[in-house]
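Chain by chain, the residues:
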Amino acid sequence: MALEKITSVTGKGVYVPGSDIDTDRIIPARFMKCVTFDGLGEFLFYDVRHHEDGSLKEHPLNDPKHAEATILISGVNFGCGSSREHAPQALNKAGFKAVIAQSFAEIFFGNCGTLGMPCVAATAEDIEKLGAAVRANPDLKITIDVEKNRVFYGDENFTVHLPDSAREAFLSARWDPIGELLEGEADIEATAAKLPYMAR
Amino acid sequence: MSQSLFEKVWDAHTVRQLSNGQTQLLIGTHLIHEVTSPQAFGMLRDLGLKVKYPNRTFATVDHIVPTQSQVEPFADPLAQEMINALRQNCEEFGVTFFDINTGHQGIVHVVGPEQGITQPGTTIACGDSHTATHGAFGAIAFGIGTTQIRDLLATQTMAMTKLKVRRINVEGELPPGVYAKDVILHIIKLLGAKGGIGYAYEYGGSVFDNFTMEERMTVCNMSIEGGARCGYVNPDEKTFEYLEGRPYCPQGEEWDEAVERWKAMASDPDCEYDDVVDIRAEDIAPSVTWGISPDHGIFVNETIPDPAQESDPDKRTSIEEALEYMKLPAGAPIEGTPVDVCFIGSCTNGRLSDFREAAKYLKGHQVAEGVKAIAVPGSQVVDQLCKSEGIDQVFRDAGFEWREAGCSMCLAMNPDKLIGDQLCASSSNRNFKGRQGSPTGRTILMSPVMVAAAAVTGKVTDAREVFHVGETAGV
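The rules behind the values
Residues numbered from 1 in each chain as written. Chains lettered and ligands numbered in written order. Predicted model: local features only at pLDDT ≥ 70, side-chain atom pairs only at ≥ 80, totals over all residues. Helix = DSSP H or I, 4+ residues; strand = E, 2+ residues; numbered from the N terminus. Rg over C-alpha atoms; globule rule 2.2 N^0.38 Å. Buried ≥ 20, exposed ≤ 12 C-beta atoms within 10 Å, placed from the backbone. Core = buried A, V, L, I, M, F, W, Y, C linked by C-beta atoms within 7 Å. Domains from an automatic or database assignment. Contact = placed C-beta atoms within 7 Å. Pairing = 2+ DSSP bridges. Axes fitted to C-alpha atoms, helices over the stretch in contact; angles between N-to-C directions. Nonpolar A, V, L, I, M, F, W, Y, C, P; charged D, E, K, R; others polar.

S.K.: Mind showing me how you'd approach the overall build of chain B here?
M.R.: In terms of helices and strands, chain B carries 17 helices and 19 strands. In terms of C-alpha radius of gyration, chain B reaches 22 Å, essentially the compact-globule figure of 23 Å for 475 residues. The principal-axis extent of the C-alpha atoms belonging to chain B is close to 55 × 55 × 45 Å. Within chain B, the proportion of its 475 residues that are buried is 59%.

Take a look at the structure:
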């Protein structure tokens, strides 16, 4: 279970503006009828990218200029609603490695963390500026420096917020916590032994 | 030192601190369903791990179950594959499964309390964001992702950062025709869809003291719609009365001991909160949503927001986007908006008291022509209780379809879906774009009695007027 340290993420971006983009929108429920996460990538944001007859709508994710994007840029409360890990999995399977948004819903944020996808928060102003830069130049190289809490692109850079616990997990290669959780076995059993309902 | 229930439960379940500063938290009760668990069992197999405490995981099947007939094989082979996978996983790993043939199947957040699995002072997690429902019993309960389901199966613990606690007091007396659903829609409207991020919500005050357990569940259920991962009410005599004698609750002497422990878990009267919000019950009226986020709420007698009146450009854009999707006119009254479908059910409002209350008013009324109305009990037990009281017949006589237990049209993973841009008056919890199964389908959230009123008039209606609420006894 050796994980890699995640000190930075570099790639091209795509700007999907909007507030309260929920996980139903990221992956509609009908695509969750599956017993593995394989193949979810193609249904990412399906209903906002397709007309009901299946033809493509105008959407940044349908723009061939952004086909190589690995960093998604968005607004406030990104990933709200359902706890479905299918949403970060769909992003991941579609090639995304990180999200920069104004803020994140908590469950979504945690789910992304365990997949090794940093979600960093920035101000509306910085996001708007970065979004405009990405629109103007889809090949723009963006770097999220996890260690320094900063995003760099072109000649610009800005501060982002990432909770210390998440940053530490990425930097120490413990973003998937299972290894460390398993190491706590004796403490788990001691804690459980003090709780009568655990025995039932 | 004085502590809140959240802090007491957190401390009692803290295993140790992890290297990144998070807490390794013991989750005593793990609930699973068919949609978010199969991949977790797959990961477990890949890692060669077993379920550490199989006696502390409980499964049911709810999201994909057809409600017209639960007879297998299901018409949808993917749905059948999912229930088969859950059966196999539960059998292989020794997990209790409230399967369709048990008479106890239903929505996971209805089944847990019903079976007495949900208990005060415990930690509960489920791969479902509405897990906060169980907080009604004074449990710390929250939704998790599939990788965390794997963590719980393998270790009964997860990595978590401690939440702050916001106390929300609702004091006074709710006016007639105002329900728990209206209270939570009002709270979400006031504090916003992201207002609760980083917080656990502790609900209290005279309104919650007077609420039944089912009403408390309705409020806690929608905590996540306000951004709060968990919400709870301190346990009291009503909590114990509800739980006593339920299958998974302690019995005899053990029961008495448990009640003493549970009482001690309630927040100390002088404990400090990170934030306190006070709301007057008299200020709350029957509520409906007009947009595409649960915080897009108004009282039924108010008008739809007008983006032209909004000075904040972000909010203006958000209102415009919502109204374009909802095809509703800015500034017009919401009352009178024609509805196509009416849905009573879900983990928010699919319990006995929800159907009982709606049935009380539906008697003698007929569903309006052209409206499709369905009632979906939250569990097989709720279904049986409704049938024993003749409630199902009242619904049928009024022109509703009475279905079998499941999540149904709340998220439309089964055949119950909106078609095209149908507008649904719904007792569920989310009005997101496409939530009810059609990419252009529209949802207006409201209480079950308000859905009943919409069903009989064919439009969004103030239930207090159509049903003369408050003029009859027993409201």
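Back to the text.
S.K.: Where do I start with the nonpolar core in this structure?
M.R.: Taken as a class, soluble globular proteins show a tendency for nonpolar side chains to be buried jointly. A:I71, A:I73, A:I100, B:C342, B:V451 and B:A452 are the most contacted members of the largest nonpolar core, which totals 206 residues. Lining this core are residues from two domains, each supplying at least three of them: domain 1 (5-275) and domain 2 (287-466) of chain B. Ignoring sequence-local partners within four residues, the contact set of B:A452 consists of B:A358, B:Y361, B:L362 and B:A463.

S.K.: What exactly am I supposed to notice about the sheet that holds strand β1 (residues 14-17) of chain B here?
M.R.: Strand order in the open sheet formed by three strands is β1-β2-β8 (chain B), with antiparallel pairing between adjacent strands. Either end of the sheet is taken by a strand with one partner, and the two such strands are β1 and β8 (157-160) of chain B. Direction aside, neighbouring strands of the sheet carry axes that sit 25 degrees apart on average. Note that β1(B) and strand β2 (residues 23-26) of chain B share three bridges and pair antiparallel. Residue B:Q17 lies in a different strand from β2(B), and its bridge partner there is B:T23. Against the sheet, helix α8 (residues 185-193) of chain A contacts β1, β2 and β8 of chain B, and its axis sits at roughly 150 degrees relative to β1(B).

S.K.: Hey, could you run me through the sheet that holds strand β2 (residues 69-73) of chain A in this one?
M.R.: Within a sheet, each strand pairs with its neighbour through backbone hydrogen bonds, oriented either parallel or antiparallel. All names here are of chain A. Strand order in this open sheet of seven strands is β4-β3-β2-β1-β5-β6-β7, and the pairing throughout is mixed. Looking at which strands have only one partner, the edges of the open sheet turn out to be β4 (119-121) and β7 (156-159). Across the sheet, the mean angle separating the axes of adjacent strands is 30 degrees when strand polarity is ignored. Taken together, the four bridges between strand β1 (residues 8-15) and strand β5 (residues 142-145) define a ladder with antiparallel strand orientation. Within the sheet, the bridge partner assigned to T10 lies in β5 and is T143. Sheet contacts for helix α5 (residues 124-136): β1, β2, β3 (98-101), β6 (150-153) and β7; angle to β1, the most-contacted strand, approximately 75 degrees.

S.K.: Which parts of the structure should I look at to understand the interface of chain A and chain B?
M.R.: A common measure of how large an interface is: the accessible area buried when the components associate. The interface of chain A with chain B comprises 52 residues on the first partner and 63 residues on the second. Counting residues per element, the ones that place at least two in the side of chain A that touches chain B are α1 (23-26), α4 (106-114), α6 (164-171), α7 (178-183) and α8 of chain A. With five residues, α4(A) is the single largest residue contributor to the side of chain A that touches chain B. Split into classes, the residues belonging to the side of chain A that touches chain B amount to 21 nonpolar, 14 polar and 17 charged.

S.K.: Sorry, what's going on with the pairing of β5(A) here?
M.R.: Two faces belong to every sheet, and in a regular strand the side chains alternate between them. All names here are of chain A. Every second residue of β5 is oriented toward a common face, the buried set being I142 and I144 and the non-buried set T143 and D145. Bridge analysis of β5 against β6 gives four bridges, and the strand direction is antiparallel. For I144, the partnering residue across the bridge sits in β6 and is V151. Hairpin geometry of β5 and β6 is characterised by an intervening segment of four residues between the two adjacent antiparallel strands and by a positive phi of about 60 degrees at N149.

S.K.: What is the right way to look at the environment of B:A136 in this model?
M.R.: Residue and element names in this part refer to chain B. Looking at the element boundaries, A136 is found in the loop between β6 (123-126) and β7 (140-143). Residues A136 and T239 lie 103 residues apart in sequence; the distance between their C-alpha atoms is 8.3 Å. Residues within four places of A136 in sequence aside, it is in contact with M213, R216, M217, C220 and V233.

S.K.: Explanation requested: the pairing of strand β16 (residues 372-375) of chain B in the structure shown.
M.R.: Pairing of strand β15 (residues 341-344) of chain B with β16(B), which is carried by four bridges, proceeds in the parallel orientation. Looking at the pairing, B:V341 lines up with B:K372 of β16(B).

S.K.: Honestly, the domain arrangement of chain B in this entry has me stumped. Any pointers?
M.R.: Residues and elements named next belong to chain B. The assigned domain composition of chain B is domain 1 (5-275) and domain 2 (287-466). With centres defined by C-alpha atoms, the gap from domain 1 to domain 2 works out at 25 Å. Taken together, the contacts link 38 residues of domain 1 with 36 residues of domain 2. For the side of domain 1 that touches domain 2, the secondary-structure elements that each account for two or more residues are α4 (108-114), α6 (180-191) and α8 (213-221). Residue classes in the side of domain 1 that touches domain 2 are distributed as 14 nonpolar, 17 polar and seven charged.

S.K.: Looking at this model, I keep getting lost on unusual backbone geometry. Mind explaining?
M.R.: Negative phi values dominate among residues other than glycine, just as trans dominates among peptide bonds. All names here are of chain B. Residue E72 is joined to P73 through a cis peptide bond whose omega torsion reads 0 degrees. For P73, the position within the fold is in the loop between β4 (57-60) and α3 (77-93). Notably, S408 is not glycine yet its phi reads approximately 55 degrees, a positive angle. On the secondary structure map, S408 appears in the loop between β17 (401-402) and β18 (423-426). Note on S408: 33 C-beta atoms within 10 Å, which makes it buried. The phi torsion at H468 lies on the positive side, around 50 degrees, for a residue other than glycine. Secondary-structure assignment places H468 in the segment after α17 (463-466).

S.K.: Just checking my understanding: could you explain helix α3 (residues 86-93) of chain A for this structure?
M.R.: One full turn of an α-helix is made of 3.6 residues, so residues set three or four places apart face in the same direction. All names here are of chain A. Across the eight residues of α3, seven count as buried, placing the element largely inside the fold. Buried within α3 we find H86, A87, P88, Q89, A90, L91 and N92. The secondary structure elements touched by the buried residues of α3 are α1, β2 and α4. Note on α3: the residue one or two positions beyond its end, G95, has a positive phi of about 105 degrees.

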